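In case you want the letters, here they are:
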Amino acid sequence: MTSRIKDPALATQITDETLAWREVICPVTAKYGNYVAKRDLRDKTIVSFQHVLEDTIPTLLPFVKAGAKVKVGACNPDSTDDVAAAYLAANGVEVHAFSGMTPDEYAKSIDILSSEPADIVADMGGELIEAFVQKGQKVDGALEATTTGVHRVEKLEYAFPVFNWNDIAIKDRLHNRHHVAQEMWPVFSNVTGLALYGRSVLVIGFGPVGRGVAERARNLGAVVSVAERDPVRALEAQHHGCRVVALEDGLKESAIIVTATGLSGILGEKQIKMARRGAVLVNVGHSNTEIDVAWLDTQKQTKMRRYIERFELDNNREVYLLNRGSLLNLAPGMGGSGKDLFDPFSAILIRGIDWLASGGAASFKPGFYAYPGEIEREIAEAILHSHS
């Protein structure tokens, strides 16, 4: 199958020096990647559904060098870096990813990637795993990396073992809580030109991602409110210095509204119409339908600048949507801070795929399992050593 990308010529924008610097800042990923590249995996087919970014290159190319057949699709087309997609395609990966995909094009990618059996599926969002299950395709084992995906795949009638690395400590306590916010708020300022001092921010959802976003916003000078249905998490939000409010009240009061639940339909027409005039709508959950962009698109809209759209509502209010409701921290080309923070997670993905390729799941029956604890500890130790 031919890759479906924006422009093959974009591949030349990534240089050897660019990738060499990434090895410097992500040494554990480089270590595992160099190990995998020397393996013989010519009998393996690896299918991945993930954010297609520059980070994806050192994650997938080692398996190509080892002889595996590697395919990748964009789990969120609005986060796709077309330069990275072109580079992967030019270097042996079958790529189905380009910015601005329509819903039909997105669905077609899932259908193509799940059209043949695979040895290993590495998913972010659960849609690819779901497609393999529904089609009855053979898979030795799969990996899932997101809260949204966990919600989706835990409901399936499993045909193969699926390993959850969203809930391991390194992902849940470090990336979800700290690293998303580390990336997201600098991107917010780059996109909007706004600082947070004195601004009212509503965070919807106080799971690990929402907690980190709220903490960082407070530290940057914002007045932070949290809307959370779970009373235990709401109480926790109070102990982190946040106001706990009803969603309706928070929408009416807040200048910046951030969804961080990983679920669809959090801000629909009814909720958006409650937002105060001039509110900025942001999403950092995996699902790009937390905010009802389809409904917003029925309203009069104006492109303000890159990643900012103004929507005039029929109640004489306007709201501003960032990055089409997709993860703001991964808006291509905006570059938050802390790219080295991806090192543990690229390593977890490489090591997990290699573990499955080595028969790690052979003794597991179809079902939903935790990512192997011994591998997580191995990676944590390697990261600590790299910092010493």
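Notes on the structure follow. None of these values were measured; they are calculated from a predicted model.

## Some words on empty space enclosed by the protein
- Overall, the coordinates contain two cavities of 30 Å³ or more when judged by the stated rule.
- Counted as a void, the largest cavity has a volume near 40 Å³.
- Lining the largest cavity are Ser-48, Phe-49, Gln-50, Ala-122, Asp-123, Met-124, Leu-143, Ala-145, Trp-165 and Leu-349.
- Mapped by element, the contributors of at least two residues to the lining of the largest cavity are strand S1 (45-50) and strand S4 (120-123).
- When residues of the lining of the largest cavity are assigned to their parent elements, the largest contribution, three residues, is made by S1.
- In terms of residue class, the lining of the largest cavity is made up of seven nonpolar, two polar and one charged.

## A word on unusual backbone geometry
- Positive phi outside glycine occurs at Asn-316, with the angle close to 60 degrees.
- On the secondary structure map, Asn-316 appears in the loop between strand S13 (308-312) and strand S14 (318-322).
- Residue class for Asn-316 comes out exposed when judged on its relative accessible area of 63%.
- Positive phi outside glycine occurs at Asn-323, with the angle close to 55 degrees.
- Within the fold, Asn-323 resides in the loop between S14 and helix H14 (343-357).
- Residue classification places Asn-323 among the buried residues on the basis of a relative accessible area of 3%.

## Thoughts on the packing of helix H8 (residues 169-192) against H14
- For the pair H8 and H14, the least separation of the axes is 11 Å and the interaxial angle reads 145 degrees. Read as a crossing pair, H8 and H14 show a hand that is left-handed. Listed contacts from H14 to Ile-170, Lys-171, His-175 and His-179 of H8 are Pro-344, Phe-345 and Ile-348.
- Residue classes in the contact of H8 with H14 are distributed as four nonpolar, two polar and one charged.

## Some remarks on helix H3 (residues 56-65)
- Taking burial as the measure, the ten residues of H3 include seven buried ones, the bulk of the element.
- Among all positions in H3, only Thr-56, Ile-57, Thr-59, Leu-60, Leu-61, Pro-62 and Phe-63 are buried.
- Against helix H1 (16-25), helix H2 (27-37), S1, strand S2 (69-74), helix H4 (82-90) and H14 lie the buried residues of H3.
- Among the residues trailing H3, Gly-67 stands out with phi positive, at a value near 100 degrees.

## Here we look at the packing of H3 against H14
- Close contact between H3 and H14 brings their axes to 9 Å; oriented N to C, the two are set at 25 degrees. In terms of orientation, H3 and H14 fall into the roughly parallel class. Helix-helix and strand crossings are classified by hand; for H3 and H14 the assignment is right-handed. Mapping the contact onto sequence places Pro-58, Thr-59 and Phe-63 in H3 and Ser-346, Leu-349, Ile-350, Ile-353 and Asp-354 in H14.
- A per-class count over the contact of H3 with H14 returns five nonpolar, two polar and one charged.

## What about the sheet that holds strand S5 (residues 141-144)?
- With parallel pairing, seven strands are arranged side by side in an open sheet as S3-S2-S1-S4-S5-S6-S15. The sheet terminates laterally at strand S3 (94-96) and strand S15 (367-370), the two strands that pair on one side only. Sheet twist, expressed as the mean angle between neighbouring strand axes with direction ignored, is 15 degrees.
- Relative to the sheet, helix H6 (residues 127-135) contacts S1, S4, S5 and strand S6 (161-164), its axis offset from that of S4 by approximately 140 degrees.
- The sheet strands contacting H14 are S1, S4, S5 and S6, and the helix crosses S5 at an angle near 165 degrees.

## Focus: the packing of aromatic side chains
- On inspection of all chains with the given rule, the structure shows eight aromatic pairs.
- With centroids separated by 5.8 Å and ring planes inclined at 50 degrees, the aromatic side chains of Phe-49 and Tyr-106 adopt a geometry described as tilted. With a gap of 57 residues between them, Phe-49 in strand S1 and Tyr-106 in helix H5 (residues 103-113) connect regions that are remote in the sequence.
- For Phe-49, a relative accessible area of 0% translates into the label buried.
- Judged by relative accessible area, which is 13%, Tyr-106 ranks as buried.
- Taking 5.0 Å as the distance between ring centres and 85 degrees as the angle between the ring planes, the aromatic pair formed by Phe-163 and Phe-364 counts as edge-to-face. Taken together, the residues span a long stretch of sequence, with Phe-163 in strand S6 and Phe-364 in the loop between H14 and S15 at a distance of 201 residues.
- Here the aromatic residues Phe-163, Trp-355, Phe-364 and Tyr-369 are joined through ring pairs into a cluster of three or more.
- Of note, Lys-31 hangs over the ring of Tyr-32, and the distance from its end group to the ring centre comes to 5.3 Å.

## Here we look at the environment of Glu-253
- Positionally, Glu-253 belongs in helix H11 (residues 247-253).
- Separated by 51 residues in the primary sequence, Glu-253 and Met-304 place their C-alpha atoms 23 Å from one another.

## Notes on the environment of Gly-268
- Secondary-structure assignment places Gly-268 in the loop between strand S10 (256-259) and helix H12 (269-274).
- As a C-alpha pair, Gly-268 and Leu-296 span 28 residues in sequence and 9.0 Å in three-dimensional space.

## Some words on helix H9 (residues 208-219)
- The terminal C-alpha atoms of H9 lie 17 Å apart, and with twelve residues this matches the ideal 16 Å at 1.5 Å per residue to within 8%.
- The buried fraction of H9 is high, at nine of twelve residues.
- Residues of H9 that are buried make contact with H8, strand S7 (200-204), strand S8 (223-227), helix H10 (231-239) and S10.

Parameters and conventions
- All residue numbers here refer to positions counted from 1 along the written sequence of the relevant chain.
- Note on the predicted model: pLDDT of at least 70 is required for a residue's local features to be given, and 80 or more for side-chain atom pairs to be given and counted; whole-chain, interface and lining totals, by contrast, use all residues.
- Only hydrogens and water are set aside when side-chain values are computed; all heavy atoms of the structure are taken into account.
- In the cavity and pocket records, a cavity denotes points on a 1 Å grid over the protein atoms alone where a 1.4 Å probe fits but cannot get out, a pocket denotes an open set with protein on both sides within 12 Å along at least 5 of 7 lines, and lining residues are residues with an atom within 4 Å of a point.
- Grid points are joined across faces, edges and corners, and a volume is the space filled by probe spheres set on the points.
- A helix here means a DSSP run of H or I that spans at least four residues, while a strand means a run of E at least two residues long, and both kinds are numbered starting from the N terminus.
- Asp, Glu, Lys and Arg are counted as charged, while Ala, Val, Leu, Ile, Met, Phe, Trp, Tyr, Cys and Pro are counted as nonpolar; the rest, among them Gly, fall into the polar class.
- Exposure classes here rest on a 1.4 Å probe applied to the protein chains alone. A residue is buried below 20% of its type maximum, exposed above 50%, and partly exposed in between.
- Throughout, an axis means a line fitted to C-alpha atoms (over the contacting stretch in the case of helices), and angles, computed between N-to-C directions, take values from 0 to 180 degrees.
- Left-handed describes a crossing whose near helix is turned anticlockwise from the far helix by less than a right angle; the clockwise case is right-handed.
- Residue contacts are defined here by distance: any two heavy atoms, one from each residue, within 4.5 Å place the two residues in contact.
- Here roughly perpendicular refers to angles of 65 to 115 degrees, roughly parallel to angles under 35, roughly antiparallel to angles over 145, and oblique to all remaining angles.
- A pair of strands is treated as paired once DSSP finds two or more bridges between them.
- Classification of ring pairs uses Phe, Tyr and Trp, with its six-membered ring standing for Trp, and accepts pairs whose centres are within 6.5 Å; under 30 degrees between planes counts as stacked, over 60 as edge-to-face, and the remaining range as tilted.
- In our convention, an over-ring charge means Lys NZ or Arg CZ found within 6 Å of a ring centre and within 35 degrees of that ring's normal.
- In this analysis, the expected span of each helix is defined as 1.5 Å times one less than the number of residues it contains.

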